[in-house]
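# Summary of the model geometry
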Amino acid sequence: MSREKLSLTPITEADLATLFAFESDPIASQMAHFPARDKADFYLHWQQKVISSPDAIAQGIWLQGRLIGSMLSWYNPKDSLIQNGRLIGYWIDREYWGQGIATQALALFLPLLPKAPLFAYIAAHNIGSLKVIKRYGFMPVALTAEQTRDLPEGLGLYKKAD
């Protein structure tokens, strides 16, 4: 685990180029089981659905003055699996994987969130992220066969225990 002190700060437009580079990494995209967006779609999404949304909480993960990732939480009323809950997600620069960054950042991030059930979608092959969320009390959600069919193959839903 990295012994350096992390900090979280709200994400701004100035951070988007760095965050785009992280999401554009094909290995990171495969690990997250999330297809990278093209640059225009990425910027549009962040500008309209994250930075300007009063319901989204977006924090940059900073280490020694360098942006190395992001922590997000948002409501998705269209997601029938997480009604009345918030999703959380994060993206870490691959250079910092396996150093405890996500674990430290999530410890800083969780107290910033409003009281609501918390959920995360995690790829089954993403062992590092599974360890992180389980450390904070997230458990697999039992889904019906129909609900499972609606998820991309290999993606699981986890809910933080109350």
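Now for a description of the structure that goes with this document.

Thresholds applied
- Residues numbered from 1 in each chain as written.
- Predicted model: local features only at pLDDT ≥ 70, side-chain atom pairs only at ≥ 80, totals over all residues.
- Heavy atoms only, no water.
- Helix = DSSP H or I, 4+ residues; strand = E, 2+ residues; numbered from the N terminus.
- Buried < 20%, exposed > 50% of the residue type's maximum accessible area, 1.4 Å probe, protein only.
- Contact = heavy atoms within 4.5 Å.
- Areas by Shrake-Rupley, 256 points an atom, 1.4 Å probe, with all protein chains shown as cover.
- Salt bridge = Lys/Arg side-chain N within 4 Å of Asp/Glu carboxyl O.
- Phe/Tyr/Trp six-rings, centres within 6.5 Å; stacked < 30°, edge-to-face > 60°.
- Lys NZ or Arg CZ within 6 Å of the ring centre and 35° of its normal.
- Core = buried A, V, L, I, M, F, W, Y, C linked by side-chain atoms within 4.5 Å.

### Side note on the overall build of the protein
Counting secondary structure elements, the protein contains six helices and seven strands. When the helices and strands of the protein are read in sequence order from the N terminus, they spell out β-α-α-α-β-β-β-α-β-α-β-α-β. For the protein, the spread of C-alpha atoms along the principal axes amounts to about 45 × 35 × 30 Å. Classification of the 162 residues of the protein by burial places 44% in the buried group. Of all intrachain contacts in the protein linking residues separated by at least 6 positions in sequence, the fraction that spans at least 24 positions is 65%. Of the roughly 9200 Å² that the protein leaves accessible, carbon and sulfur atoms contribute 55%.

### Observations regarding the pattern of salt bridges
Taken as a whole, this structure holds four salt bridges when the rule is applied. Between Glu23 and Arg37 there is a salt bridge, and its shortest N-O distance comes to 3.2 Å. Here the residue Glu23 occupies a position in helix H1 (residues 16-24), and Arg37 occupies one in the loop between helix H2 (26-32) and helix H3 (39-51), the gap between them amounting to 14 residues. What makes Glu23 buried here is its relative accessible area of 6%. If you follow the salt bridges from partner to partner, you end up with Arg66, Asp93 and Glu95 in one network.

### Notes on unusual backbone geometry
Despite not being glycine, Gln64 shows a phi value in the positive range, around 50°. Among the structural elements, Gln64 can be located in the loop between strand S2 (57-63) and strand S3 (66-75).

### Re the packing of aromatic side chains
A full pass over the atoms with the stated rule returns three aromatic pairs. The interplanar angle of 75° and the centroid separation of 5.8 Å between the aromatic rings of Phe42 and Tyr43 together place this pair among those described as edge-to-face. What makes Phe42 buried here is its relative accessible area of 1%. Where Phe42 meets Trp46, the ring centres are 5.9 Å apart and the plane angle is 35°; that geometry is what we call tilted. With Phe42 and Trp46 both in helix H3 and four residues apart, this pair spans about one turn of that helix. Its relative accessible area of 5% is what places Trp46 among the buried residues. Ring pairs connect the aromatic residues Phe20, Phe42, Tyr43 and Trp46, which therefore count as one cluster. Here the guanidinium or amino end of Arg86 rests over the ring plane of Tyr75, the centre of that ring lying 4.4 Å away.

### Digging into the side chain of Ser129
Relative to the elements of secondary structure, Ser129 occurs in helix H5 (residues 127-135). A relative accessible area of 9% places Ser129 in the buried class. Ser129 has contacts with Tyr90 and Ile122, leaving out every residue within four places of it along the chain.

### Comments concerning H3
Taken together, the buried positions of H3 are Phe42, Tyr43, Trp46 and Val50. In this fold, the buried residues of H3 make contact with H1, S2 and S3.

### Some details on the environment of Ala142
Considering the arrangement of structural elements, one finds Ala142 in the loop between strand S6 (138-140) and helix H6 (145-150). Along the sequence, Ala142 and Tyr158 sit 16 residues apart, while their C-alpha atoms lie 8.9 Å from each other.

### Quick notes on the nonpolar core
Counting residues in each nonpolar core, the largest one holds 27 residues, and the members touching the most others are Ile61, Ile88, Ile101, Leu106, Phe109 and Phe138. Secondary-structure elements contributing two or more residues to this core are strand S1 (6-10), S2, S3, strand S4 (86-92), helix H4 (101-109), strand S5 (118-123) and H5. If you tally residues by element for this core, the top one is H4, at five residues. The next biggest cluster of nonpolar side chains, apart from the first, holds 14 residues, and it includes Ala28, Val50, Leu67 and Leu72.

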